[in-house]
Structure formats: C-alpha cells, structure tokens
Amino acid sequence: MKRLSLLLLGGLAMAAVAACPGKKPETTAAPAVPNNDSLEAERRRIADSTARAEAEARAREEADRRRQQAIADSLAALGQTTNAVKTMLATLIHFDYDKAIIRGGDAGVLDQKVAILQANPALRIRVSGHCDERGSDEYNLALGNRRATAAKQYLASHGIDASRIETVSYGEERPIDPGHDEEAWAKNRRDEFEILAGGDALKQP
Amino acid sequence: MTRALALAALSLAVVAPVRLTAQDTSAVDRGVRIGILYRPGVRPGIVVLTGRAPGLDSLRTIMARDIDYSDRFELITLPGSDSIRLAAAPGARPAAGTGTGKTGGGATSAAGLNYPLYQALGADFAVAVAPAAGDSIVVTVHDVAGGAVRRELRSRLPPLTDPGFRMAVHRLSDRVLEGTLGAPGIAATRVLFVMDGKVYVIDQDGADRRLVSSTDHGAMSPAWAQDGRRFSYMEFWQGHGRLFVQDVASGKRAPVPTTGQALDFTPAFSPDGKTLAFSRAIEEGTDVYTVNIKDGCCLQRLTVGRFYDNLSPTYSPDGQRIAFVSTRPGLPQIYVMAADGTDQQLFAPFDYGATGSSNAPEWSPDGQAVAFHRDVAGTLQVFVLDVRTRAVRQLTSVGRNEDPTWAPDSRHMAFVSDRSGYRQLWIIDLETGRIRPLLQQSGARLPAWSPRLPETAASTP
C-alpha cells in the first residue's frame with residue numbers, strides 16, 4: 001500500500017514537470033516579439049479612448065454646469081421678480097390730516113396691490129394705519145384703525161378676499177419721520193403693507 | 001334804582017363761588033404764581049418750624065413743599081429763619097397742655113410760640129415739627145390767631161433712608177391740612193405716566209420717579225383703580241392692544257380677560273373696581289366695551305358706532321355714567337351715556353364747523369367737572385366742562401396742552417404741555433391758576449393722577 005502511493009506521487013510529479021516547460025514559450029511568444037505597427041495602433045487606441053472619455057466627462061460637466069446655471073438663473077429671476085413685487089406691495093399710501101379717506105392718487109397704488117394679490121393667491125398681508133403726532137395720542141389709535149380699514153375695504157371691493165387682509169393700528173406710536181414739521185407729518189400719516197404669508201416666490205401681476 | 005340793582009347784581013356775581021375760574025395765562029417757572037383771579041391776601045398764612053433735631057430738615061422741607069403745593073396757604077418764610085423763633089421762645093408760655101389737654105408731648109411740642117410775632121408776619125397757622133419719645137415725631141399745629149395749639153399729630157416715621165419715608169411725610173402733610181382747614185390734601189398721591197413706551201410713577205411733588213412696567217411692547221394709557229392699589233394700562237402685542245391690571249404692592253400684573261385679540265386701549269376702572277371700561281378697535285370701527293374684571297367675564301359692548309368711533313371712556317365717581325369721545329358729529333367730541341350704554345348724548349357743547357376735535361375726557365373725582373383737551377387753531381388746549389350747567393371753559397392758552405388728569409382734590413390737574421419748549425408734565429391749580437412742572441423731562445405723556453393712596457399700597461411700591 002505504501003509503495004503504491006509513492007509510485008502515484010512520482011507519476012504525478014513527472015507529469016507536472018513534463019507539462020510546464022512545454023507551455024511557457026507559447027504563451028509569452030506573441031507579445032515578446034515587438035511589432036511597431038501593432039504598438040502604434042495600441043497607443044492610438046488607448047489615446048483615443050482617453051480623449052473620448054475626457055470629452056464625454058467635459059460634456060457631462062458642461063451640461064451639469066448649464067443645468068445649475070439655468071436653475072440659478074431662474075431662481076435669481078424669480079427672486080428679482082419677488083423682490084420687485086414685494087417693493088410694489090410695500091408702497092405706502094398717505095392720508096390728509098385727521099382723515100381716513102383714500103386719496104385719488106393712491107387709488108393706483110392700491111390697484112397695483114389688487115393685481116399682486118390676484119396674481120399670488122397664497123399671499124396674505126397686514127395693513128397698519130399710522131398717524132402724525134398732532135392729534136390726540138389715544139384718538140389716533142382709532143384713526144389709524146380707520147386708515148388701515150379704508151385700504152382693506154378698497155382691496156376687498158376690488159375682488160380680494162377680505163380674509164387675506166389683516167388690519168392693525170399703531171396711531172402715532174411708530175413715526176417713520178421723527179420731525180415736527182409739515183413734511184414729517186405728511187410722511188407719517190400713512191398705511192403700511194407687510195406680508196404675513198405666501199411671500200416666498202411672488203409672480204409679477 | 002337800576003344802578004343799585006346793577007350794583008347788587010355785580011356784587012352777587014363777585015361773591016358767587018369762584019371755583020375753577022382761574023386761568024392759566026402765561027408760562028412761568030417753578031414757584032411763581034400767576035392767574036387773573038389770584039388774590040394773595042385771601043389765603044391763610046402758614047409757617048413751618050422745626051426744632052434743632054437731626055433728620056428733621058428733610059422732613060420739614062418735604063412738608064413745607066407739600067403745604068405750598070396744596071395751594072391753600074401762603075407759605076411764609078421767616079426772615080432770618082429760625083433765629084426769630086429762638087429769640088422769642090424763652091419768655092413765651094407753653095400753650096400745648098392747655099390747648100388740647102394732651103400733656104405727653106410737653107417736652108417737645110409745647111415750646112411756646114410768640115403768637116403776636118407770627119401774627120404780625122401774616123401767619124394764621126404755625127406748624128412745629130419736633131422729635132418725641134422713641135423714634136416718633138410730633139407735629140404741632142398752632143392756631144396763631146387763636147393763640148393756642150389746634151392739634152398735635154404723632155407719627156412714627158420710617159428712617160430717612162427707607163423708601164417709605166417720603167410717603168409717610170406726605171401723609172403727615174395731609175393730616176396737617178386736615179387739622180388746619182379741614183380739607184383733605186393731595187400730598188400722599190402719585191402720578192402714573194408713559195415715557196418711551198414704559199409706565200412710570202412719580203410722587204406729586206416730583207420726587208421718587210420709578211419705572212413700574214417695562215417690556216418690549218409699547219405701553220399706553222395708564223389708569224388707576226379708585227382704591228389706589230391697582231392700575232391698568234395697554235400694551236401693543238403684534239398689532240393688537242392687550243390690557244393689563246397691575247398690583248401696586250407686589251408689582252405683579254395679569255392680562256385682562258377677553259382683551260388682546262383686537263386693538264383694546266384706554267382702560268378705565270369703574271369706581272367700585274369691578275368693571276373695566278375700554279375702547280376696542282375692530283374693522284367695523286372703535287367702540288366702548290366693558291368687562292367684569294372681578295370674575296374675568298362678561299364682555300359687554302356699550303356703543304355700536306359702525307360709521308363713527310366711540311372711545312376713551314371715563315366713569316362718573318358715582319359709577320352711574322360714562323363720558324366718552326364720539327366722532328358721530330364728524331369729528332371727535334365729548335359725549336355721555338348711562339353706565340349700561342343707554343341714553344347716549346352730547347356732553348360738551350360745541351359749535352358745528354367751528355369747534356375743533358375734543359378728546360381725552362376725565363371725570364373729576366367730585367363729579368362736578370369733566371376735563372378734556374380740544375383742538376384750538378391747530379394746537380391742543382385743556383378745557384373743563386361743568387357737568388351741571390354744561391358750560392365749557394378753556395383753561396390753558398400757552399403752547400400745546402393735553403391729556404388732563406384730576407388730582408383727588410378736584411382742584412389740581414396734571415397735563416402735558418410744551419410751553420417750556422418740549423413736552424413735559426405740569427400741574428395746575430384751578431383755583432389760583434398757579435402752575436408748576438411735575439417732571440422736567442421730555443417725552444413724558446398720558447399722565448394719570450392717583451386717588452389718595454392707602455398705607456399698604458404706598459409703602460411698598
């Protein structure tokens with residue numbers, strides 16, 4: 001039994017030695033023989049594929065950049081529009097002394113706000129009424145309330161849902177011009193318009 | 001005959017009560033008296049004396065000023081100050097023991113006064129302040145004309161450094177006024193006002209100004225409860241007006257139920273302290289409401305304006321009526337109604353188309369008058385309405401004068417005036433026309449004069 005196994009081992013070893021040298025030259029023969037044409041072709045092939053890959057990457061990047069730019073551009077455009085609309089919306093209206101009647105000249109300003117509110121159905125605003133320092137401190141709270149309500153009624157009568165407009169009054173407590181002359185008083189007798197909700201992206205009317 | 005009648009009528013007119021007839025005619029500085037009906041000889045003269053005891057100087061200074069500010073006396077300054085009294089004292093007989101029957105204060109209060117000398121100086125009364133047993137003091141009120149002690153007032157004062165010292169002296173001053181003329185004083189009172197959106201309080205003599213409410217929310221329209229233990233005011237909360245009631249002693253405040261969801265402003269306590277009337281601005285307009293602050297319930301609407309505003313309620317002292325501002329004639333004027341909102345009618349007459357806006361009414365504590373301000377030629381002036389006759393009288397004419405508030409004696413009034421060049425708080429005596437600045441600081445407004453303050457509310461502000 002021991003003898004048989006030794007023989008078997010010896011036979012396997014012989015076979016292995018015989019097989020190895022015979023195979024080796026065949027497998028290495030082709031590349032080992034330099035051929036200028038084939039080398040050049042290979043080099044070109046590699047270079048071509050690299051260039052193609054680079055071009056593809058560049059194109060991809062360019063497309064990406066363009067896409068980003070387009071998004072940014074459109075965002076900026078939207079922002080500009082929103083800011084422009086916000087500025088329009090914030091335009092003050094003014095009142096005569098001890099009056100809460102919308103002036104003829106201010107009707108256009110309010111019409112603009114009507115259009116903005118119509119173009120942006122999610123928009124909700126707050127109108128605050130203000131007075132100059134000449135009247136009575138406490139009466140001015142009632143007067144400012146009348147002024148805010150006057151603007152709201154104008155907007156509502158032009159088709160804006162009244163529930164989208166809140167009114168408050170600050171009387172003479174928040175002057176925008178601290179002066180004590182006719183010019184300051186005229187500036188301080190006003191309605192302010194501020195956005196409560198829905199003002200992130202506003203459409204131009 | 002007709003001439004005699006005319007004369008009789010004239011003398012009657014002269015003799016008729018001169019209540020509330022003084023006119024504020026010019027801007028004057030502290031301590032200068034003015035007024036067309038001011039007659040110096042009419043008021044009793046008084047002299048305030050003090051013993052040579054440490055710490056009594058400030059007491060005498062405060063008391064002398066209180067007596068002066070009562071505008072009921074001629075305060076006499078002795079030439080050479082104490083020297084006259086000291087020179088006169090040794091030979092004089094003690095008067096206290098016999099005058100009042102009290103003997104305990106003999107060592108201090110009964111230092112005899114040279115009555116004829118004080119009489120010669122024009123004094124009808126002399127007030128002597130002296131230390132007594134323990135840490136108390138005794139104030140002796142001498143009736144100079146009668147040559148006797150009228151009254152002895154004993155008091156234990158807190159130390160000079162105690163925050164309650166000044167108010168304790170004010171209280172004593174009011175007792176002196178009661179002991180001499182039988183008239184209740186206004187020394188132990190304070191005035192609430194607004195400056196820079198915060199509520200402050202100041203003693204009626206201009207001392208001891210303190211902040212009582214400060215938040216980021218602008219405050220307006222402080223108002224006292226009649227017990228002097230609470231006050232109310234409004235604060236802006238995100239465009240709404242919320243009312244608060246604050247306890248004087250603890251400084252704690254609580255929002256008034258049902259307020260703060262709209263623009264609620266100008267609170268006014270009913271005299272019994274159970275109800276708060278106020279103005280509420282909603283889209284429909286501004287109207288007068290009441291709320292039960294005792295139970296925190298029962299909002300009631302007293303006026304329904306719709307096309308005009310109703311605001312600034314003020315209760316009559318009997319609680320039966322409310323004066324308020326209404327714009328129903330086209331511009332604000334003073335109206336009155338029953339406390340339940342019925343029987344609304346014009347209160348202060350005006351000339352349609354000629355009289356300017358009238359605002360900020362406050363009913364006097366004696367119920368006889370309502371003070372307010374009215375637009376006169378583009379500026380504001382303080383007016384007084386006689387409740388019985390409904391006659392309206394212009395009180396001020398120098399500069400812009402607004403937001404009058406009555407002292408509890410119904411003859412003094414604090415108001416805002418720019419007569420000195422900037423807006424500040426002033427006090428006027430309606431009988432003599434004398435005015436004095438209460439606070440020489442710009443921006444103070446919306447004053448509210450307290451009732452006579454109870455001991456507990458005053459001691460720990």
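Quick note: structure is the one above.
Quantities reported herein were computed from a predicted structural model and do not represent experimental measurements.

Draft legend 1. The arrangement of the overall build of chain A in detail. Regarding its fold elements, chain A presents five helices and four strands. N-terminal to C-terminal, the α/β element order of chain A is α-α-β-α-β-α-β-α-β. Considering chain A as a whole, with its 205 residues, one finds that 31% of them fall into the buried category. For chain A, long-range pairs separated by at least 24 residues make up 78% of all intrachain contacts whose partners lie at least 6 apart in sequence.

Draft legend 2. Expanded view of a nonpolar patch on the surface. All names here are of chain A. Side chains of Ile71, Leu75 and Leu78 sit close together on the surface and give an oily, nonpolar patch of about 280 Å² of accessible area. Its location among the elements puts Leu75 in helix H2 (residues 36-90). Using a relative accessible area of 55% as the deciding quantity, one classes Leu75 as exposed.

Draft legend 3. Representation of the side chain of Arg400 of chain B in the model. Residue placement: Arg400 of chain B occurs in the loop between strand E24 (392-394) and strand E25 (401-406). Of note is the side chain of Arg400 of chain B, whose polar atom sits 2.9 Å from the backbone oxygen of Arg134 of chain A. Those residues in contact with Arg400 of chain B, other than ones at most four positions away along the chain, are Glu133, Arg134 and Gly135 of chain A together with Thr379, Leu380, Val416, Ser417, Asp418 and Arg423 of chain B.

Draft legend 4. Inspection of the sheet that holds strand E2 (residues 124-130) of chain A at higher detail. Strand order in the open sheet formed by four strands is E1-E4-E2-E3 (chain A), and the pairing between neighbours is mixed. Each edge of the open sheet carries a strand with a single partner, namely strand E1 (93-94) and strand E3 (165-171) of chain A.

Draft legend 5. Representation of the sheet that holds strand E26 (residues 412-417) of chain B. All names here are of chain B. Spatially, four strands are ordered E25-E26-E27-E28 in an open sheet, and the strand pairing comes out antiparallel. Each edge of the sheet is formed by a strand with only one pairing partner; in this case those strands are E25 and strand E28 (435-439). Shown here is a sheet whose adjacent strand axes are inclined to one another by a mean of 30 degrees, direction ignored. By the bridge criterion, four bridges tie E25 to E26 in an arrangement that is antiparallel. Each residue of the ladder has a partner; that of Asn401, found in E26, is Ser417.

Reading the values: rules and limits
Residues numbered from 1 in each chain as written. Chains lettered and ligands numbered in written order. Predicted model: local features only at pLDDT ≥ 70, side-chain atom pairs only at ≥ 80, totals over all residues. Heavy atoms only, no water. Helix = DSSP H or I, 4+ residues; strand = E, 2+ residues; numbered from the N terminus. Buried < 20%, exposed > 50% of the residue type's maximum accessible area, 1.4 Å probe, protein only. Contact = heavy atoms within 4.5 Å. Patch = residues over 30% accessible without salt bridge, like charges linked within 9 Å, V, L, I, M, F, W, Y side chains within 5 Å. Areas by Shrake-Rupley, 256 points an atom, 1.4 Å probe, with all protein chains shown as cover. Salt bridge = Lys/Arg side-chain N within 4 Å of Asp/Glu carboxyl O. Polar contact = N/O pair within 3.5 Å; in protein donor to acceptor, adjacent residues only side chain to side chain. Pairing = 2+ DSSP bridges. Axes fitted to C-alpha atoms, helices over the stretch in contact; angles between N-to-C directions.

Spatial relationships are all this shows, so hold off on functional conclusions.
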